[in-house]
Amino acid sequence: MPRYTIPVLGLEISFKTDADKVRIEAAKDVLEDRFGELTRGGKDVSREKLLTCLALSLADDYLEHGRKIEMMEEKINALLEK
């Protein structure tokens, strides 16, 4: 499993993953874009609170996509049973 060290939001992060470099860069870009959206309001919010909001947002997206996949699988199964 390859090891990567990349800068994310000003922090050097090291980790191992099976994901390729393109996928890692795309994920980093999503994270930095979302962080930018949260900081555009100009409010003086701590980095920890912003990162927590970002993590919650991404977790919600993950759960919502999982729910949509389940619904599609149910529809496909219903169609196959006909």
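Refer to the preceding data block for the structure.
First, a word on what this report is: a plain description of the structure on this page. Note that the structure is a prediction, hence the values are computed from the model and not measured.

1. Focus on the nonpolar core
- Ranked by size, the top nonpolar core spans nine residues in total: Tyr4, Ile6, Val8, Leu9, Ala19, Ile24, Phe35, Leu50 and Leu54.
- Breaking this core down by element, the ones donating at least two residues are β1 (3–8), α1 (21–39) and α2 (47–81).
- Excluding its chain neighbours within four sequence positions, the residues that come into contact with leucine 54 are Leu31, Arg34, Phe35 and Leu38.

2. Details of the pattern of salt bridges
- Tallied over the full model, the rule gives three salt bridges.
- With a closest N to O distance of 3.8 Å, glutamate 25 and lysine 21 form a salt bridge. Highlighted residues: glutamate 25 and lysine 21, both in helix α1, separated by four residues, approximately one helical turn.
- On the basis of relative accessibility, which here comes to 43%, the residue lysine 21 falls in the partly exposed class.
- Across the salt bridge formed by glutamate 64 and arginine 67, the nearest N and O atoms sit 2.4 Å from each other. Of this pair, glutamate 64 and arginine 67 both sit in helix α2, three residues apart, roughly one helical turn.

3. Points about the pairing of strand β2 (residues 11–16)
- When β1 meets β2, the two strands line up antiparallel, connected through six bridges. Opposite tyrosine 4, over in β2, you have phenylalanine 15 as the bridge partner.
- Taking the residues that link successive antiparallel strands as the turn, the β1-β2 hairpin has two residues, and the phi of leucine 9 there is positive, at about 50°.

Criteria and cut-off values
- Residues numbered from 1 in each chain as written.
- Predicted model: local features only at pLDDT ≥ 70, side-chain atom pairs only at ≥ 80, totals over all residues.
- Heavy atoms only, no water.
- Core = buried A, V, L, I, M, F, W, Y, C linked by side-chain atoms within 4.5 Å.
- Buried < 20%, exposed > 50% of the residue type's maximum accessible area, 1.4 Å probe, protein only.
- Helix = DSSP H or I, 4+ residues; strand = E, 2+ residues; numbered from the N terminus.
- Contact = heavy atoms within 4.5 Å.
- Salt bridge = Lys/Arg side-chain N within 4 Å of Asp/Glu carboxyl O.
- Pairing = 2+ DSSP bridges.

These figures come from the coordinates and say nothing about function on their own.
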